[in-house]
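Each chain, letter by letter, is given below.
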Amino acid sequence: MRLEEQVVLVTGSSKGVGLAIVKAFRAQGAQVVLNYHSSNPETVAGIAQEIGAFPFRADVTDPDQINALFVAAETHFDKPITTVVNNAIAGNFEFNGDVGRRKVHEIRWSDFDVQLRGFLRGTLNTTQAALPGFEKLGCGRIINIGTNLFHNPVVPYHDYTAAKGALLAFTRTCAADLGPKGVSVNMVSGGLLETTDASASTPKEVFEQIRAVTPLRRVTKPEDLAGAVLFFASPWADAITGQEVIVDGGLVMR
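Residues numbered from 1 in each chain as written. Predicted model: local features only at pLDDT ≥ 70, side-chain atom pairs only at ≥ 80, totals over all residues. Heavy atoms only, no water.

As recorded in an unreviewed UniProt entry, the protein goes by 3-oxoacyl-[acyl-carrier-protein] reductase and comes from Exophiala spinifera. Recorded in UniProt under Sequence similarities (unreviewed entry), the annotation for the protein is "Belongs to the short-chain dehydrogenases/reductases (SDR) family." (UniProt positions renumbered as here; feature names shortened; annotations may be inferred.)

Okay, structure coming up:
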């Protein structure tokens, strides 16, 4: 489908990179479901009205809430969701630098569990909820948001990085499983983004360190990531599945 024909769900999209992705899709004429969970509903309603998106509050870790989202979106747009962007982040995670993060000797399994439930369980829920609509259409796109940290752990956030690594594995198994149904599943992995709520607590020295060793000599912005997401959703990516594109100015090269 052309971008302007798509109905796109972007999870965790009331701010930061999720909102940048929503705006990018809307600029191309796509219809978009703006999903949120903990943000202020009135604030989200204002944002959604301004950009012409359909806001829906749902916790991605709750399959009943996600199923309700898909039903509401199909009713609202008179068409199933065609494209899912799994962006939601769990537990108000902050990239707080090497001093603030939990080290190996102090991190708890519950920290891993929060991230695994957010990224892996959340993506499982949206994938399963999307399948009936994909089958009606005979096609579908799933784009998972990853991280370059499991290639280059500049700051070793153990729980976050391990969960995103699991999401990359799930991306590839889903690509193999769903390919015969005409569904492609890919991942866009960003570097440290300047600046989102999650990276607002990152020390300036970390940004400068990354800038200094990045070939493009700049820190990636949410809009940079959004461009790669739109590529995977577009007809130009029709023959691509199970792949990961890293958007970080060349810091990680594969």
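(A) Looking closely at the overall build of the protein. Across its full length, the protein holds eight helices and seven strands. Computed over its C-alpha atoms, the radius of gyration of the protein comes to 17 Å, within 12% of the 18 Å expected for a compact globule of 254 residues. Projected onto the principal axes, the alpha-carbon positions of the protein cover approximately 50 × 40 × 35 Å. A buried classification covers 52% of the 254 residues belonging to the protein. Considering only contacts within the protein whose residues lie at least 6 apart along the sequence, 72% involve residues at least 24 apart. (Helix = DSSP H or I, 4+ residues; strand = E, 2+ residues; numbered from the N terminus. Rg over C-alpha atoms; globule rule 2.2 N^0.38 Å. Buried < 20%, exposed > 50% of the residue type's maximum accessible area, 1.4 Å probe, protein only. Contact = heavy atoms within 4.5 Å.)

(B) Main features of helix H7 (residues 204–213). When H7 is considered as a whole, its buried residues turn out to be Val206, Phe207 and Ile210. The buried side chains of H7 occupy one side of the element, clustering within an arc of 100° when seen end-on. Those residues of H7 that are exposed and aimed more than 90 degrees away from the buried face are Lys204 and Glu205. (Arc of directions from axis to C-beta.)

(C) Here's a closer look at empty space enclosed by the protein. Within this structure, the stated rule accounts for two cavities of 30 Å³ or more. In this structure, the largest cavity spans a volume of roughly 50 Å³. The wall of the largest cavity is formed by Thr11, Val60, Asn86, Asn87, Ala88, Gly118, Phe119, Gly122, Thr123, Ile145, Lys164 and Leu167. Of all the secondary-structure elements, those providing two or more residues to the lining of the largest cavity are helix H5 (109–137) and helix H6 (158–178). Per element, the largest residue contribution to the lining of the largest cavity is four residues, and it comes from H5. (1 Å grid on protein atoms, 1.4 Å probe; cavity = no way out; pocket = protein on both sides within 12 Å on 5 of 7 lines; lining within 4 Å. Points joined across faces, edges and corners; volume = space filled by probe spheres on them.)

(D) Representation of the pairing of strand E5 (residues 140–147) in the model. Counting buried residues along E5, eight of its eight residues qualify, which places the element largely inside the surrounding structure. Neither face of E5 is exposed, since Gly140, Ile142, Asn144 and Gly146 on one face and Arg141, Ile143, Ile145 and Thr147 on the opposite face are all buried. As paired elements, strand E4 (residues 83–86) and E5 share four bridges and run parallel to each other. In the sheet register, Thr83 faces E5, and the bridge partner there is Arg141. (Pairing = 2+ DSSP bridges.)

(E) Layout of the side chain of Arg141. When you line up the elements, Arg141 lands in strand E5. We classify Arg141 as buried; its relative accessible area is 11%. A polar contact is formed between the side chain of Arg141 and the backbone oxygen of Ala233, at a distance of 3.4 Å. Of the polar contacts made by the side chain of Arg141, one reaches the side chain of Asp238; its length is 2.3 Å. Excluding its chain neighbours within four sequence positions, the residues that come into contact with Arg141 are Thr82, Thr83, Val84, Phe134, Ser184, Phe232, Ala233, Ser234, Ala237 and Asp238. (Polar contact = N/O pair within 3.5 Å; in protein donor to acceptor, adjacent residues only side chain to side chain.)

(F) Inspection of helix H8 (residues 222–233) at higher detail. In this model H8 runs 17 Å from its N-terminal to its C-terminal C-alpha over 12 residues, within 8% of the 16 Å that 1.5 Å per residue would give. Here the buried face of H8 lies against helix H1 (16–27), E4, E5, strand E6 (183–190) and strand E7 (244–247). (Expected span 1.5 Å × (residues − 1).)

(G) Fine view of the nonpolar core. By size, the foremost hydrophobic cluster in this structure holds 31 residues, and its most contacted members are Ile21, Phe25, Val85, Val188 and Val229. At the level of elements, strand E1 (7–10), H1, strand E2 (31–36), helix H2 (41–51), E5 and H8 are the ones that each hand at least two residues to this core. Looking at this core, the element that brings in the most residues is H8, giving seven residues. Ignoring anything within four residues of it in the chain, the contact list for Ile21 reads Val10, Val85, Ile145, Ala226 and Val229. (Core = buried A, V, L, I, M, F, W, Y, C linked by side-chain atoms within 4.5 Å.)

(H) Broad picture of the environment of Phe25. Mapped onto the fold, Phe25 is located in helix H1. Taking the relative accessible area as the measure of exposure, Phe25 reaches 0% and is therefore buried. Sequence separation of Phe25 and Gln6 is 19 residues, and the distance between their C-alpha atoms is 9.0 Å. For Phe25, the contacting residues outside a window of four places in its chain are Leu3, Gln6, Val8, Ala30, Val32, Val85, Val229, Leu230 and Ala233.

(I) Structural context of the side chain of Thr171. Mapped onto the elements, Thr171 comes out in helix H6. Overall, the relative accessible area of 0% leaves Thr171 in the buried class. A polar atom in the side chain of Thr171 sits 2.8 Å from the backbone oxygen of Leu167. Setting aside residues no more than four positions away along its own chain, Thr171 makes contact with Asn144, Val185, Asn186 and Met187.

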